[in-house]
Amino acid sequence: MIGNYLRQKGDFWELNDYQLMSVRYLTIALTFAIGFYLLMAWEHPVSQDTLDLVALGGELSAVVMCFLTARRGHHTPYRATWWCLFMGALLFFMGDCMEVLSDEQATVVDEGFVLHPFFGDVCYLSDSFFLLATVFLYVRRSCRFHFYRLSLEIVITTLAVGAMFFSFIVQPVMEQSALEPDMLQTLVVTTFYPVADVVLIVLLCILIFESGRRVSMQDLLMLGAVCLLFIADQYELYGLTHPNFSLNVVLPLWPASLMMMSSAGQLCVDPNLKLDLPPDPHQQFFLGCVRAALPSVITVVLIILASLRYELSDPLLLWGCVMVFLLALRQGWIAIRHLRLVEALRRSRNELETKNDLLSKLNTRILVDACTDSLTQIHNRRHIEELLEQGVRSPGALGVMVVDVDYFKHINDTYGHQIGDQVLQHIANLLRSSAGEQGSAGRYGGDEFLLVLPGATLDNLSSLQQRLRQDMVSDQLLNRHKVTISMGGACRDATSMKTDSADSGSALLKRADNALYRAKQSGRNCGCLDDSVA
């Protein structure tokens, strides 16, 4: 029933199979934890064996989820990550089974310490190492870090957290009572688990704070799962030193954390997962502030805890702690101020890029406007003359044709300037399509146009003039108003030298203009080529 409900909601939210499976795993983890606590709060007392069996059932479910995730992601870059998670979950389940089966062999001493079987401790320690490998591989696959730098972060964190736990937990217990070697070994082994959890939290925080990538849902699920592990292991250590404390409160947290990691794994093995998403600027600024302030906050907290734990009677030591406290505050303030400057620089850079894009578009528009006639949207006189000079400087044949609209003033006076503008636009469109990709068409004067045709010969110009006259008849607007054109063309032979004055741009233009004049003298609505009528 729950599966069908989630599938219906998944279709509504457009979730794929991997995301839907992740939601199912989270639902199972939440349902298991709530059910366990409701069982503990039941008005009828439940035996410890029943609670242990329920916890083992949850751990077995977590093992199955981890196995399904590992098998599903076997062909993805994360395959080693989730197989390590499966091995860790399996070893944790085996350790709990050994602990439940050997409860009658546990030794309870006067101080209240419970000695777990040796093989159970081996399974738990192996589980911790596999979880360390899981998070380490996850961080390495999610974002490429320098291997030695990441290893150095792990070593520093382990030494710092281990020293803190030893100073505030192990050492006070050793000072209060004389411990036997076996009991001391149990205390040290149990202290290792929250220390390892803190290392996992630091690794994930490095991924979230320093990777420069967008924080994903699987990152948050992994961090939440590791935090649950830390809470459970810390409470177990607290229960070891306080005999009246019941560990049943944290029993569902271990399997729930493994289920959350499996849920994150389902998102990671999704083939549609994008790992190179650009970071969110607001998210990165917030994480940067937290990252900058976190070392200072941790330093201040450690100084406060040290002052509560030890008597700082030495004035020099007290002054040193005060100086470190003030330096930590100053360093945090400087780091946050630096981040604000970086954020302001980023915004200024984005504004500058936006303005540069706008300026580039405006420059392009200005360049187009400087070369284009505003009415006909073809080349203006200055640009078509430049194209003519470029054609003259290039070797090979070159054709030039001048086109004039017959009795254009009469058209304006009879039909109005709006119709006259439309006539010019239609003729410009015909000339532009006739010039083709190699040629160029431009407006040379009020009702005069110029065609520059590289590679054109007299025969090409003659054919073009005939085709233009046919296109004029086919155009509805031009045919309705009886619009005709006169054309004059001239060519430069392909064998002519570029330095010949007779083949210069002005000379070709003058010869074409003379041919246009003869076309008008011949009755208009015709074309001439040099000295001959086409």
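In this text, all values refer to a predicted model and were calculated from it rather than measured experimentally. (Residues numbered from 1 in each chain as written. Predicted model: local features only at pLDDT ≥ 70, side-chain atom pairs only at ≥ 80, totals over all residues. Heavy atoms only, no water.)

K.L.:
Talk me through the overall build of the protein; I want residue IDs and the actual numbers.
P.N.:
On a plain count of helices and strands, the protein comes out with 17 helices and 8 strands. By residue count, 41% of the 534 residues in the protein fall in the buried class. About 29500 Å² of surface is accessible on the protein, with carbon and sulfur atoms providing 61% of the total. (Helix = DSSP H or I, 4+ residues; strand = E, 2+ residues; numbered from the N terminus. Buried < 20%, exposed > 50% of the residue type's maximum accessible area, 1.4 Å probe, protein only. Areas by Shrake-Rupley, 256 points an atom, 1.4 Å probe, with all protein chains shown as cover.)

K.L.:
Account for the side chain of H481, naming residues and giving values.
P.N.:
For H481, the location among the structural elements is in the loop between α16 (476-480) and β6 (485-492). On the basis of relative accessible area, H481 is assigned to the buried category, the value being 11%. Beyond its immediate chain neighbours, meaning those up to four positions away, H481 contacts Y415 and I419. (Contact = heavy atoms within 4.5 Å.)

K.L.:
Kindly report on the packing of helix α3 (residues 48-72) against helix α4 (residues 79-101), identifying the contributing residues and their values.
P.N.:
Running from N to C, α3 and α4 point in directions that differ by 160°, and their axes come no closer than 8 Å. By the angle between their directions, the pair α3 and α4 is classed as roughly antiparallel. Crossing handedness for the pair α3 and α4: left-handed. Together, D52, L56, E59, L60, V63, C66, F67, T69, A70 and R71 of α3 and W82, W83, L85, F86, A89, L90, F92, F93, D96, C97 and V100 of α4 make up the contact between the two elements. In the contact of α3 with α4, the residues fall into 16 nonpolar, 1 polar and 4 charged. (Axes fitted to C-alpha atoms, helices over the stretch in contact; angles between N-to-C directions. Parallel < 35°, antiparallel > 145°, perpendicular 65-115°, else oblique. Left-handed = near helix turned anticlockwise from the far one by under 90°. Nonpolar A, V, L, I, M, F, W, Y, C, P; charged D, E, K, R; others polar.)

K.L.:
Tell me about the side chain of S440, and name the residues and values.
P.N.:
Within the secondary structure layout, S440 lies in strand β4 (residues 440-443). Excluding residues that lie within four positions of it along the chain, S440 makes contacts with H379, I384, L387, A435, L450, L451 and V452.

K.L.:
Explain the pairing of strand β5 (residues 448-454) residue by residue, including any values.
P.N.:
Judged by how many residues are buried, β5 sits mostly within the fold: 5 of 7 residues are covered. Examined bridge by bridge, β4 and β5 share 4 bridges and lie antiparallel to one another. The residue bridging G442 from the neighbouring strand is L450, located in β5. (Pairing = 2+ DSSP bridges.)

K.L.:
How would you explain a nonpolar patch on the surface if you had to name every residue and give the values?
P.N.:
Taken together, the side chains of L60, V64, F67 and L68 present a nonpolar region at the surface, about 300 Å² in accessible area. Residue position: F67 is located in helix α3. (Patch = residues over 30% accessible without salt bridge, like charges linked within 9 Å, V, L, I, M, F, W, Y side chains within 5 Å. Salt bridge = Lys/Arg side-chain N within 4 Å of Asp/Glu carboxyl O.)

K.L.:
Now, about the confidence of the model for the protein: what can you tell me, with residues and values included?
P.N.:
For the protein, the mean per-residue pLDDT works out to 78, and 71% of the residues sit at or above 70. For residues 1-13, every residue scores under 50 in pLDDT, and the model assigns this stretch 11 contacts once sequence neighbours within four places are set aside. Low pLDDT (under 50) marks residues 104-116, which in the prediction has 25 contacts with non-local residues, meaning those over four places away or in another chain. (pLDDT = per-residue confidence, 0-100.)

K.L.:
Before we move on, could you go through helix α2 (residues 17-40) and cite the residues and values that matter?
P.N.:
Given a rise of 1.5 Å per residue, 24 residues ought to cover 34 Å, and the 35 Å separating the end C-alpha atoms of α2 matches this to within 8%. Every buried residue of α2 is listed here: Y18, L20, S22, Y25, A29, F32, A33 and F36. (Expected span 1.5 Å × (residues − 1).)

K.L.:
Give me the packing of aromatic side chains: which residues, what numbers.
P.N.:
For the structure on display, the rule yields 11 aromatic pairs. With 6.2 Å between their ring centres and 55° between their planes, W82 and Y138 make a pair best called tilted. Placement of W82 in helix α4 and of Y138 in helix α5 (residues 118-142) is noted, with a sequence separation of 56 residues between them. The interplanar angle of 80° and the centroid separation of 5.9 Å between the aromatic rings of W83 and F86 together place this pair among those described as edge-to-face. Separated by 3 residues within a single helix, W83 and F86 lie in helix α4, roughly one turn from each other. Members of the aromatic cluster, connected to one another through ring pairs, are F92, Y124, Y193 and W254. A cation over an aromatic ring shows up here: R381 above the ring of Y444, its NZ or CZ 4.1 Å from the ring centre. When the ring centre of Y407 is taken as origin, the NZ or CZ atom of R524, which lies over that ring, is 4.6 Å away. (Phe/Tyr/Trp six-rings, centres within 6.5 Å; stacked < 30°, edge-to-face > 60°. Lys NZ or Arg CZ within 6 Å of the ring centre and 35° of its normal.)

K.L.:
Requested: an account of the packing of helix α14 (residues 417-435) against helix α15 (residues 458-474), with residues and values cited.
P.N.:
Where α14 meets α15, the axes come as close as 11 Å, and the angle between the chain directions of the two elements is 145°. Here α14 runs over α15; the crossing is right-handed. Between α14 and α15, the contacting residues are I427, L430, L431 and S434 on the first element and L464, R467, L468, D471 and M472 on the second. Here the residues of the contact of α14 with α15 sort into 6 nonpolar, 1 polar and 2 charged.

K.L.:
Can you explain the environment of L453? Please cite residues and give values.
P.N.:
Looking at the secondary structure, you find L453 in strand β5. The spatial distance from the C-alpha of L453 to the C-alpha of L398 is 5.9 Å, given a sequence separation of 55 residues. Contacts of L453, omitting those with residues within four sequence positions, involve L398, G399, A435, G439, L461 and L464.

K.L.:
A description of unusual backbone geometry should follow, citing residues and the corresponding values.
P.N.:
Here R524, not a glycine, exhibits a phi torsion of approximately 65°, which is positive. Positionally, R524 belongs in the loop between α17 (505-521) and β7 (527-529). For N525, which is not a glycine, the phi torsion comes out positive at approximately 50°. A relative accessible area of 32% means that N525 is categorised as partly exposed.

K.L.:
Any chance you could break down the environment of V250 for me, citing the residues and the numbers?
P.N.:
With respect to the element layout, V250 can be found in the loop between α8 (217-241) and α9 (253-268). Through-space distance from the C-alpha of V250 to that of L229 is 9.4 Å; in sequence the pair is 21 residues apart. With sequence-adjacent residues up to four places away left out, V250 is seen in contact with A232 and Y235.

K.L.:
Account for α15, naming residues and giving values.
P.N.:
Under the 1.5 Å per step criterion, the end-to-end length of α15 is 25 Å for 17 residues, consistent within 8% with the ideal 24 Å. Listed as buried for α15 are L461, L464, Q465, L468 and M472. Take α15 and look down its axis: the buried residues cluster within an arc of 105°, on one side only. For α15, the exposed residues set more than 90 degrees away from the buried face come down to D459, Q470, V473 and S474. Looking at the buried residues of α15, the elements they touch are β3 (398-405), α14, β5, α16, β6 and β7. (Arc of directions from axis to C-beta.)

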